[in-house]
Amino acid sequence: MKKSRRERRAIARKNKTTFVPQYNGKSPQSYKEYYGVGYERFNNTFVTIAK
């Protein structure tokens with residue numbers, strides 16, 4: 001069974017190892033990279049991403 005982030009953090013603390021988050025084998029993606037749309041949420045409104 002897959003462990004939650006909280007469980008993996010607790011195990012890392014217990015074993016005194018550094019916690020490494022899992023992003024399905026990739027680094028974190030921005031909204032634009034994930035959806036391919038030039039808008040991002042900011043203060044609960046959609047803002048156009050400037051280049």
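Since this is a predicted model, take the numbers as computed values, not measurements.

Asker: Describe the overall build of the protein chain, with residues and values.
Answerer: Helix and strand counts for the protein chain stand at 2 helices and 2 strands. Shown N-terminal to C-terminal, the secondary structure of the protein chain runs as helices and strands in the order α-α-β-β. In the protein chain, which comprises 51 residues, the share counted as buried stands at 2%. Carbon and sulfur atoms form 52% of the exposed surface of the protein chain, whose accessible area is close to 5300 Å².

Asker: Pulling in residues and values, what's your account of the confidence of the model for the protein chain?
Answerer: Predicted confidence across the protein chain gives a mean pLDDT of 76, with 65% of residues reaching 70 or more. Within the protein chain, no element has a lower average pLDDT than strand β1 (residues 39-42), which sits at 60, and none a higher one than helix α1 (residues 5-15), at 92.

Asker: Provide a residue-level description of unusual backbone geometry, including the pertinent values.
Answerer: A positive phi is found at Lys-16, a non-glycine position, where the angle reads about 55°. Note that Lys-16 resides in the loop between α1 and α2 (31-35).

The rules behind each value
- Residues numbered from 1 in each chain as written.
- Predicted model: local features only at pLDDT ≥ 70, side-chain atom pairs only at ≥ 80, totals over all residues.
- Heavy atoms only, no water.
- Helix = DSSP H or I, 4+ residues; strand = E, 2+ residues; numbered from the N terminus.
- Buried < 20%, exposed > 50% of the residue type's maximum accessible area, 1.4 Å probe, protein only.
- Areas by Shrake-Rupley, 256 points an atom, 1.4 Å probe, with all protein chains shown as cover.
- pLDDT = per-residue confidence, 0-100.

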